[in-house]
Every structure is written in structure tokens, then in C-alpha cells.
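# Coordinate inspection notes
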Amino acid sequence: MGLDFSSDLEILQKDIEQCHLCEISKSRQHVVFGAGSSDARLMIIAEAPGAKEDEQGIPFIGRSGELLTKMIENVIEIKRSSVYITNVIKCRPPNNRNPNSDEMINCRPFLHKQIEIIKPEIILSLGAVSFHYMSGLTMGISKARGRIFDLDGIKLIPSFHPSYLLRNPSAKKEAYKDMLLIKALLAQ
Ligand code: URA
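Residues numbered from 1 in each chain as written. Predicted model: local features only at pLDDT ≥ 70, side-chain atom pairs only at ≥ 80, totals over all residues. Heavy atoms only, no water.

## Quick word on the overall build of the chain
The number of helices and strands found in the chain is eight helices and six strands. Over its C-alpha trace the chain gives a radius of gyration of 15 Å, about what one expects of a compact globule, namely 16 Å for 188 residues. Oriented by its inertia axes, the alpha-carbon framework of the chain measures out at about 45 × 40 × 30 Å. Expressed as a percentage of the 188 residues in the chain, the buried residues total 48%. Excluding contacts between residues fewer than 6 apart, the proportion of contacts in the chain whose partners are at least 24 apart in sequence is 71%. (Helix = DSSP H or I, 4+ residues; strand = E, 2+ residues; numbered from the N terminus. Rg over C-alpha atoms; globule rule 2.2 N^0.38 Å. Buried < 20%, exposed > 50% of the residue type's maximum accessible area, 1.4 Å probe, protein only. Contact = heavy atoms within 4.5 Å.)

## Notes on the site of the ligand
In the neighbourhood of the ligand, the contacting residues comprise Ala46, Glu47, Ala48, Glu53, Pro59, Phe60, Ser64, Asn87 and His161. Phe60 has a polar backbone atom sitting 3.1 Å from an oxygen atom of the ligand. Note that a nitrogen atom of the ligand is positioned 2.7 Å from one of the side-chain N or O atoms of Asn87. Surface burial for the ligand is 92%, taken as the share of its 240 Å² of free accessible area covered by protein chains. Along the lines of polarity and charge, the residues of the shell around the ligand split into four nonpolar, three polar and two charged. (Near = heavy atom within 4 Å. Polar contact = N/O pair within 3.5 Å; in protein donor to acceptor, adjacent residues only side chain to side chain. Areas by Shrake-Rupley, 256 points an atom, 1.4 Å probe, with all protein chains shown as cover. Nonpolar A, V, L, I, M, F, W, Y, C, P; charged D, E, K, R; others polar.)

## Some points on the packing of helix 4 (residues 101-118) against helix 5 (residues 128-135)
Where helix 4 contacts helix 5, the two axes come as close as 12 Å, and the packing angle between them is 75°. Overall, the two elements helix 4 and helix 5 adopt an arrangement that is roughly perpendicular. Where helix 4 approaches helix 5, its residues Met104, Arg108, Leu111, His112 and Ile115 are matched on the opposing element by Val129, Tyr133 and Met134. (Axes fitted to C-alpha atoms, helices over the stretch in contact; angles between N-to-C directions. Parallel < 35°, antiparallel > 145°, perpendicular 65-115°, else oblique.)

## Description of the side chain of Ser64
One can find Ser64 in helix 3 (residues 63-76). Taking relative accessible area as the criterion, Ser64 reaches 14% and is therefore assigned buried. Residues within four places of Ser64 in sequence aside, it is in contact with His161, Pro162, Ser163 and Leu166.

## Digging into unusual backbone geometry
With a phi close to 55°, Asn96 is a non-glycine residue in the positive phi region. Given the relative accessible area of 46%, Asn96 is considered partly exposed. Although it is not a glycine, Lys119 sits at a positive phi angle of roughly 50°. When you line up the elements, Lys119 lands in the loop between helix 4 and strand 4 (122-126). Exposure remark for Lys119: the relative accessible area of 59% places this residue in the exposed category.

Right, here's the structure in full:
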């Protein structure tokens, strides 16, 4: 039987709920810490919470969340509850602007602690903000996707952000291939 790390995540969540390092903490309704299994083999890291997520404190519950859930459950063919989903920053930036570098630096210890607790085999990085942050590289998602990057022994897989896919449905076939790559890696 594996160890249960859910209480470590709960302690970290209580810490971050007290965090007011960034200006945007003043306008948040909720800290959107993350959701899913504490022993997930697959961790999904996107950008920042949107309006619906801020309202409810849960990542990916809006339209892009619906698409992400379909990608996980219908293509990778695993339950959404078996993966762990979070964002680079945990508070909603006003008007859904990209997180700025101070916000990403302030949130960094929390994300790194989440990765340390969960110890995923694979990280799916959704969108350029997440991929650039996780890899330290600057190449676009179109160029990076389809490859597996090494992040200290964790397989880092870049793909398009679901909100990009909603605006550019022609990119869905590439995202589909990325999900199949993850499915194959999880079967190994
Ligand atoms: N977009 C993100 O990047 N994260 C969410 O949690 C929701 C939408």
C-alpha cells in the first residue's frame, strides 16, 4: 500500500490560504490550490485560475475545464480524480491577464512543494506560460509539443492550453496525439 500524502497537501493548502505576498491576493475570492489525487502519476500544471475557478476554489471547472476533463477521461482514459491538477499561480489575475514574474516567483515554493509531495512520473504542462516556467525554455508550444523533456527525472510533456483549443479547434488533433503519448507512458 502506498503512503497517503493528502495531509501534507492539506497543511500546504492552509499555508497558502494565508498568503498575501501579491497584490492579486486582495481581489481573490478563493485560493485555487489544486485538486485531485495526492498519489497521482500524472500532474497537470496550467497557468492561473479564471473567474469560475476563483468563485469556487477548484481548478478547471469552466469551459476549458470541460474540455480538459474530456481529454483526460476520453483520450487518456483515466478518471480526472486520479490525476492532480493545479496552476503555476494560485490566485486569479485580474481580467485573466498572464501571471507576471513576481507572482510566479512568489508562488514558486508552493508549486514546488506540491510536486515534491505528489512525486508525479509525468507533468503535462498546458500552455506557454506553464511550459516556459517549468522548462526554463522559451520555445513555443507548437514547436515543443510532441517531445518529452526531462525535469529532474520527471517527464515533462508540453501541450496546448484547453482555452487555446477552444479558440483554435484545428489544434485539437495535435493535443489528441499528446494525450495518447501520455496514455502510452502511463501504460509502461
Ligand atoms: N485556466 C487555467 O490555466 N487554469 C484553470 O484552473 C482554469 C483555466
